[in-house]
Amino acid sequence: MTDDAIVRFANELAAEVADSLSDDSPFSVNNFTHLVLERLEEAGHFDGAFDLHQEGRLGQAIYRIDGFAFDEERGHLDLFTTIYRGEVPPARIGSQDVSRAIERALRFAGACIDGLADKLEPSNSDASDLARRIQQEASRIETVRVVILTDGILTTNPPATSEWHGRTVANEAYDIERLVRILGDGETRSDITVDLVDLTGSPIPCLHVPSGDGAYDAYLTVLPGDALARIYDRYGVRLLELNVRAFLGIQGRKSVNAELRRTISEQPSMFLAFNNGIVATVDAIDVNEEDGRPRAIRALRGLQIVNGGQTIASIHRARRKEGLQVGGVAVPVKVIRVGGADLAAMVGSISRAANRQNTVQLADFSANDPFHHQVETLANNTWLEDGRGRWFYERARGTYGAAEQKASLRKTELQSFRSQTPKSRRFSKLDLARYQFAWSCLPYRVCLGGQKNFQFFMQRLKDEPPPPPDATWFKRLIAIAILYRAVERTVRAMKFPAYGAQIVANLVAGLSHRTGGRIDFERIWARQSISSDLETLVRTWAPQIDAAMRESAGQRNPSEWFKKEDCWFAVRDRIPTITEPLPPELSYGSSPTMAGGSDRPGPIVSAEDYERIARCMTIDATRWLEAAEKGQRAQVIHWKVAGICRTLAGYAAGGWVRKPSAKQAKHGLTAFASVEQAGLLSALANQNLQEALE
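In this text the structure is predicted, and so the values were computed from the model without any measurement. (Residues numbered from 1 in each chain as written. Predicted model: local features only at pLDDT ≥ 70, side-chain atom pairs only at ≥ 80, totals over all residues. Heavy atoms only, no water.)

K.L.:
Could you clarify how one ought to interpret the overall build of the chain in this entry?
P.N.:
Each helix and strand in the chain was counted, giving 28 helices and 18 strands. Scored against the burial criterion, the 694 residues of the chain give a buried share of 52%. (Helix = DSSP H or I, 4+ residues; strand = E, 2+ residues; numbered from the N terminus. Buried < 20%, exposed > 50% of the residue type's maximum accessible area, 1.4 Å probe, protein only.)

Below you can see the structure in the form of structure tokens.
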């Protein structure tokens, strides 16, 4: 990697940090931490990481953290500490600065155990919540890791481990050089070079199996689990760029990974017998073929795991996150050097033949996922109303930077690119999943964090394949993105002491639920902003949503409670009402689907329309169906109106994913009341009606 590549990336990162500064977020170090953690989570390096700056004194000693990730189920605590210089070319960071940062992070953890939560003001902040969680879970915390984030260049790596409260703490650092390799364009597949001699101490014996026609060469070998874990630790998901199963979802694989973990933990010597192993492709392979010596592999270049991604990821997780010993795990590996054959075609064929852990549809074997390619195409071809700009969908990590770099070859092209697609109109896969799930009334998924939420989103795409997204769908997506970001800005400006991100997710979901998913997406798209009236509604709702969330938590841990569906159910019952005058976005709308299609209802002209929709959704599917069947049989309601009741029963049975229109709500409630007045409904149905009318 050249110095020019590092300086270029550092400049881009510094510009992005500067662009993100605002009255609500004025500190560069905090914005740097937020940006880097978000990108590293998207790259698969962390899961559920949150930026949180907390600094204070214990006597004369300083404690400090800049972020955290806390997996209470597994007893894993990550503490992030940032060394930010803001200098280009990047400054050198000495070992003394690194040691000081680690000491301060561990001092924070120690202070938490000693009751820091009771000393922090206000007592309901994100920092006090984390301190309280660490204090309560201290005896169950098995693994602690301190991670240094810096825009400088480390002169020496931090010590691999340190001691804290009788535990061994793992230390890790992401300096600008490592960030370039992971987040920038400084490392391609061909840059993934694995020196097996350095990893294991000697070349790895292998059996060579040529194809006969020169299309490929195959090498059969066995790699120790520790070596595979270290390879994955170094390159992460970049090893899986050609693996069609990398992001197919999470359902169905839990049992597979549980079995892998059980074997690693309880019968490591049997792993070779129980596991199918790994299939990998390489661009080049260095094999020791000296006469009189067994054939052995010294190094691999352009390594890609095309089958067995779950295996290597599970071994890595067992070693790194669960502290299991994987040195005794032997993993069968088939390495294929593609010669005259087409690499993409070869990978597809290998995957079709080898993947048997889960059912895999043929569509899964496309390069990446077709849905995201379609969204990328729509972003590239859907221009704003003025015809001068568009949104940029960063389907793959670093594509925005690559496009900007390509445009920079000519000054006029760079100016045009930045004018047409400014960074403020860039969004990623994690953003897309966040916007879609919040508007789909799944805020508890959003509260899981970017990567986990994205996994659930991909699983939903797999389980319920939507129609192909079209331009109408894309404009709706962007309208939701604009709304979501506006809510984020408003909530941030209101300076809630804690849980700002969770408030945003629940408020957006609440707005979707209360409006039946019907707002004027076309207006938001055309103006690329929301009205001041809608901003006022958001400011009015935010404290009420915050109160509903906190009160629903009771004595539970708020951070974990917000990730539960029951939390959303409790908040949903306390969503504020919509009152006159309506914001212009709520005076007319259309119902969004996951992708494609159009579902335009009649106009919504009053708050009463929204109240009828809300009352409709308090009646369950059984009662709607009872009203339809008994009302039509007794000729109390017309068969067409009975059909509306059956439609509402279907919506209710589906958990109100589909929302009633104002017209459906009005006719449905009138019909339900007519059947009730005729004495045809059961006592429970009557109770449903009374609750709906209250």
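K.L.:
Is there a simple way to explain the packing of helix 25 (residues 621-633) against helix 26 (residues 639-653) in this structure?
P.N.:
Working note: a packed helix pair is described by the angle between its axes plus the distance between those axes. At a minimum axis separation of 7 Å, helix 25 and helix 26 run at an interaxial angle of 165 degrees. Taken together, the axes of helix 25 and helix 26 are roughly antiparallel relative to one another. Where helix 25 crosses over helix 26, the handedness of that crossing is left-handed. The residues of helix 26 that touch helix 25, namely those facing A621, W624, L625, A628, E629 and Q632, are W639, A642, C645, R646, L648, A649, A652 and A653. The class makeup of the residues in the contact of helix 25 with helix 26 is 11 nonpolar, 1 polar and 2 charged. (Axes fitted to C-alpha atoms, helices over the stretch in contact; angles between N-to-C directions. Parallel < 35°, antiparallel > 145°, perpendicular 65-115°, else oblique. Left-handed = near helix turned anticlockwise from the far one by under 90°. Contact = heavy atoms within 4.5 Å. Nonpolar A, V, L, I, M, F, W, Y, C, P; charged D, E, K, R; others polar.)

K.L.:
How do you make sense of the nonpolar core when you look at a structure like this?
P.N.:
Burial of nonpolar side chains together is a common tendency in soluble globular proteins. Counting residues in hydrophobic clusters, the biggest one holds 95 residues, and the most contacted among them are F427, F474 and W624. Here this core gets 13 residues from one element, more than from any other, and that element is helix 18 (residues 471-493). Those residues in contact with F427 that sit more than four places away from it in its chain are V375, W391, F392, Y393, E394, L432, F474, L477, I478 and R485. By size, the runner-up hydrophobic cluster in this structure holds 37 residues, among which are A229, I297, V329 and V333. (Core = buried A, V, L, I, M, F, W, Y, C linked by side-chain atoms within 4.5 Å.)

K.L.:
Would you explain helix 1 (residues 3-20) in this entry?
P.N.:
Think of an α-helix as 3.6 residues a turn; residues three or four steps apart then line up on the same face. The end-to-end C-alpha distance of helix 1 is 26 Å, a good match for the 26 Å that 18 residues give at a rise of 1.5 Å each. Among the structural elements, helix 2 (28-42), helix 5 (176-183) and strand 18 (426-428) are those in contact with the buried residues of helix 1. (Expected span 1.5 Å × (residues − 1).)

K.L.:
Would you explain the environment of S128 in this entry?
P.N.:
With respect to the helices, strands and loops of the structure, S128 is situated in helix 4 (residues 126-137). Taking C-alpha positions, S128 is 9.9 Å from G115, a pair spaced 13 residues apart along the chain.

K.L.:
Honestly, the packing of helix 21 (residues 532-553) against helix 23 (residues 565-572) in this entry has me stumped. Any pointers?
P.N.:
Interhelical geometry of helix 21 versus helix 23 gives an angle of 130 degrees and a closest axis separation of 9 Å. In terms of axis orientation, helix 21 runs oblique to helix 23. Taken as a pair, helix 21 and helix 23 cross one another with a handedness that is right-handed. Residues I545, A548, M549 and S552 of helix 21 form the contact with helix 23, whose participating residues are C567, A570 and V571. Considering only residue class, the contact of helix 21 with helix 23 consists of 6 nonpolar, 1 polar and no charged.

K.L.:
Please explain the sheet that holds strand 2 (residues 61-71) as it appears in this structure.
P.N.:
Within a sheet, neighbouring strands are paired by backbone hydrogen bonds and run either parallel or antiparallel to one another. Read across the sheet, 6 strands follow the order 1-2-3-5-8-7 without closing on themselves; strand pairing throughout is mixed. Each having just a single partner strand, strand 1 (50-58) and strand 7 (161-164) make up the two edges of the open sheet. The mean angle between the axes of side-by-side strands here comes to 35 degrees, regardless of whether they run parallel or antiparallel. By the bridge criterion, 8 bridges tie strand 3 (residues 76-83) to strand 5 (residues 143-150) in an arrangement that is parallel. The partner of D78 across the bridge, within strand 5, is R145. Helix-sheet contacts for helix 5 involve strand 5 and strand 8 (167-174), and the interaxial angle to strand 8 is about 75 degrees. (Pairing = 2+ DSSP bridges.)

K.L.:
Would you explain the side chain of T421 in this entry?
P.N.:
Here T421 is to be found in the loop between helix 14 (411-420) and strand 18. With near-sequence residues (within four places) excluded, T421 lies in contact with R390, F392 and Y400.

K.L.:
What exactly am I supposed to notice about the pattern of salt bridges here?
P.N.:
If charged atoms from side chains of opposite charge come close, those side chains can pair. Under the counting rule described, the total for this entry stands at 23 salt bridges. Ionic pairing is found between E560 and R133, a salt bridge with its closest N-O pair at 3.3 Å. In this pair, E560 sits in helix 22 (residues 558-561) while R133 sits in helix 4, placing the two residues 427 residues apart along the sequence. Overall, R133 belongs to the buried group, its relative accessible area being 4%. (Salt bridge = Lys/Arg side-chain N within 4 Å of Asp/Glu carboxyl O.)

K.L.:
Got a minute to help me understand the side chain of K659 in this structure?
P.N.:
When you line up the elements, K659 lands in the loop between helix 26 and helix 27 (662-677). Excluding anything up to four places from it in sequence, K659 contacts C441, H513, G516, G517, R518, M617, Y651 and Q664.

K.L.:
Would you mind going over the packing of aromatic side chains with me for this structure?
P.N.:
In this description, a pair of aromatic rings is defined by centroid distance and the angle of the planes. Inspection of every chain in the model, using the stated rule, returns 18 aromatic pairs. With a centroid separation of 5.1 Å and 85 degrees between ring planes, the pair formed by Y499 and F562 is classed as edge-to-face. Here Y499 is found in the loop between helix 18 and helix 19 (500-514), whereas its partner F562 is found in the loop between helix 22 and helix 23, with 63 residues between them in sequence. Classification of Y499 as buried rests on a relative accessible area of 4%. Among the aromatic residues, those joined into a cluster by ring pairs are F371, F437, F457 and W473. Sitting above the plane of the Y400 ring, R426 keeps its charged end 4.9 Å from the centroid. Across the ring face of F456, the terminal group of R445 is positioned such that the distance to the ring centre comes to 3.9 Å. (Phe/Tyr/Trp six-rings, centres within 6.5 Å; stacked < 30°, edge-to-face > 60°. Lys NZ or Arg CZ within 6 Å of the ring centre and 35° of its normal.)

K.L.:
Explanation requested: unusual backbone geometry in the structure shown.
P.N.:
For residues that are not glycine, phi is negative in most cases, and the peptide bond is trans in most cases. Of the consecutive residues V88 and P89, the connecting peptide bond is found in the cis state with omega at 0 degrees. Here P89 is to be found in the loop between strand 3 and strand 4 (92-93). Note that the residue after E580, namely P581, is joined by a cis bond; omega there is -5 degrees. Mapped onto the elements, P581 comes out in the loop between helix 23 and helix 24 (607-616). Of note, C441 is a non-glycine position whose phi angle comes to about 65 degrees, a positive value. Along the chain, C441 turns up in the loop between helix 15 (429-439) and helix 16 (443-446).

K.L.:
What should I look at first to understand the pairing of strand 16 (residues 330-338) in this one?
P.N.:
Moving residue by residue along a regular strand, the side chains alternate between the two faces of the sheet. Strand direction decides the pairing type here: strand 11 (residues 216-224) and strand 16, joined by 9 bridges, are antiparallel. The partner of P224 across the bridge, within strand 16, is A330. With 5 bridges connecting them, strand 12 (residues 278-282) and strand 16 associate as parallel partners. Looking at strand 16, one finds that A280 is bridged to V335.

K.L.:
Please clarify how helix 15 should be interpreted in this entry.
P.N.:
Most of helix 15 sits out of view: 11 of its 11 residues are buried. Of the residues trailing helix 15, C441 is marked for its positive phi of about 65 degrees.

K.L.:
Looking at this structure, I do not really get the pairing of strand 7. What am I missing?
P.N.:
By the alternation rule, side chains of strand 7 split into S162 and W164, which are all buried, and T161 and E163, of which none is buried. Where strand 7 lies against strand 8, 4 bridges are found, and the strand directions are antiparallel. Paired with W164 across the strands is R167, a residue of strand 8. Where strand 7 folds back onto strand 8 in an antiparallel hairpin, the turn is made up of 2 residues, including H165, whose phi is positive at roughly 50 degrees.

K.L.:
Explain the confidence of the model for the chain to me, please; I cannot follow it from the model alone.
P.N.:
Do not read the predicted coordinates in detail wherever pLDDT is low. For the chain, per-residue confidence averages 83 on the pLDDT scale, and residues scoring 70 or more make up 85% of the total. For the chain, per-element mean pLDDT is lowest for helix 28 (residues 683-693), which scores 52, and highest for helix 16, which scores 96. Taken as a whole, residues 356-367 scores under 50 in pLDDT and shows 27 contacts with residues more than four places along the chain or in a different chain. This model gives residues 589-601 a pLDDT under 50, and the stretch forms 53 contacts once residues within four places in sequence are excluded. (pLDDT = per-residue confidence, 0-100.)

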